Amino acid sequence: MMAFQTVFKRYELKYILTLEQKKIVLEAMHPYMQLDKYGRTSIRNIYFDTENYRLIRRSVEKPAYKEKLRIRSYERADSDSTVFVELKKKYDGVVYKRRIPLCERDAMAWVCGEKPCPAKTQISREIDYFIKFYGKLLPTLFLTYEREAYFE
């Protein structure tokens, strides 16, 4: 399996733009930024929650600290495709993300409590703790979108 970044710390600012606003922003960025090596990508996420939606209910309260668990892919995934099990935490405006690359079949079985994670790492132990703390997690939301990533 390829080497992937597994730990992230960043600030995320999200905006809803019209097509005209996007065009203006891209024109302003053009002299300074270019598409990164991933360029335009389709992102696919399965978010997990408890039966009573404890995680999303907490998130919409806009607390100083919140966390979520998802499985993410950057292409249409089949059972043998590499996906990422991601534990995402946000505290005081800073996003911390820790993730493990697994094949889709193993990722779903692990997060749904059917079998243990085949990778034994610090990050897998943190995700195991999250799963144990919240109890049975269910795939609750599928979210897909197109992303354009730029760098300076």
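The shown structure was predicted, so the numbers you read here are calculated from the model rather than taken from an experiment.

1. Considerations on the overall build of the protein chain
Per the secondary structure count, the protein chain includes 4 helices and 6 strands. Of the regular secondary structure in the protein chain, the N- to C-terminal order runs β-α-β-α-β-β-β-α-α-β. Out of the 152 residues in the protein chain, the part that is buried amounts to 34%. Counting only contacts in the protein chain whose residues sit at least 6 apart along the sequence, the fraction spanning at least 24 positions is 65%. Accessible surface computed for the protein chain: about 10,500 Å², of which carbon and sulfur atoms make up 56%. Distance between charge centres in the protein chain, computed from 30 positive and 21 negative side chains, equals 3 Å.

2. Things to note about the pattern of salt bridges
Scanning the model with the defined rule gives 12 salt bridges in all. Salt-bridge contacts for Lys 88 lead to Glu 12; the nearest nitrogen and oxygen are separated by 3.3 Å. Taken together, the residues Lys 88 in strand 4 (residues 82-91) and Glu 12 in the loop between strand 1 (7-11) and helix 1 (19-29) connect sequence positions 76 residues apart. Measuring nitrogen to oxygen at the nearest pair gives 2.9 Å for the salt bridge that ties Glu 148 to Lys 22.

3. Comments concerning the packing of aromatic side chains
Inspection of every chain in the model, using the stated rule, returns 5 aromatic pairs. Centre to centre, the rings of Tyr 74 and Phe 84 are 5.8 Å apart; their planes meet at 75°, and the pair counts as edge-to-face. Of this pair, Tyr 74 sits in the loop between strand 3 (65-73) and strand 4 while Phe 84 sits in strand 4, placing them 10 residues apart in sequence. Its relative accessible area of 29% is what places Tyr 74 among the partly exposed residues. Looking at Phe 84, the relative accessible area reads 3%, which means it is buried. Judged by centre distance (4.9 Å) and plane angle (80°), the rings of Phe 133 and Tyr 134 are edge-to-face.

4. Regarding the layout of surface pockets
The space that makes up the largest pocket amounts to roughly 1,700 Å³. Residue contributions to the lining of the largest pocket peak at 8 residues, all from strand 6 (residues 138-151). Its volume calculated, the second largest pocket comes out at about 610 Å³. Along its surface, the second largest pocket is lined by 19 residues, and Tyr 38, Tyr 74, Phe 84, Arg 99 and Arg 147 are the ones closest to its centre.

5. Notes on the nonpolar core
Leu 69, Ile 71, Val 85, Trp 110, Ile 127 and Leu 137 are the most contacted members of the largest nonpolar core, which totals 21 residues. Of all the elements in the fold, those that place two or more residues in this core are strand 3, strand 4, strand 5 (94-103), helix 3 (104-111) and helix 4 (122-134). Sorting elements by how many residues they give to this core places helix 4 first, with 5 residues. In contact with Leu 69, other than residues within four places in its own chain, are Ile 46, Tyr 47, Phe 48, Val 85, Glu 86, Leu 87, Val 111, Ile 127, Phe 130, Ile 131 and Leu 137.

6. Considerations on the sheet that holds strand 3
The sheet built from 6 strands is open, its strands ordered 1-5-4-3-2-6 with antiparallel pairing. The open sheet has two edge strands, strand 1 and strand 6, and neither has a second partner. Averaged over all pairs of adjacent strands, the angle between their axes in this sheet comes to 30°, without regard to strand direction. Each of strand 2 (34-49), strand 3, strand 4, strand 5 and strand 6 touches helix 3; the most contacted strand, strand 5, lies at about 120° to it.

Calculation criteria
- Residues numbered from 1 in each chain as written.
- Predicted model: local features only at pLDDT ≥ 70, side-chain atom pairs only at ≥ 80, totals over all residues.
- Heavy atoms only, no water.
- Helix = DSSP H or I, 4+ residues; strand = E, 2+ residues; numbered from the N terminus.
- Buried < 20%, exposed > 50% of the residue type's maximum accessible area, 1.4 Å probe, protein only.
- Contact = heavy atoms within 4.5 Å.
- Areas by Shrake-Rupley, 256 points an atom, 1.4 Å probe, with all protein chains shown as cover.
- Lys, Arg positive; Asp, Glu negative; His and termini not counted.
- Charge placed at Lys NZ, Arg CZ, Asp CG, Glu CD.
- Salt bridge = Lys/Arg side-chain N within 4 Å of Asp/Glu carboxyl O.
- Phe/Tyr/Trp six-rings, centres within 6.5 Å; stacked < 30°, edge-to-face > 60°.
- 1 Å grid on protein atoms, 1.4 Å probe; cavity = no way out; pocket = protein on both sides within 12 Å on 5 of 7 lines; lining within 4 Å.
- Points joined across faces, edges and corners; volume = space filled by probe spheres on them.
- Core = buried A, V, L, I, M, F, W, Y, C linked by side-chain atoms within 4.5 Å.
- Pairing = 2+ DSSP bridges.
- Axes fitted to C-alpha atoms, helices over the stretch in contact; angles between N-to-C directions.

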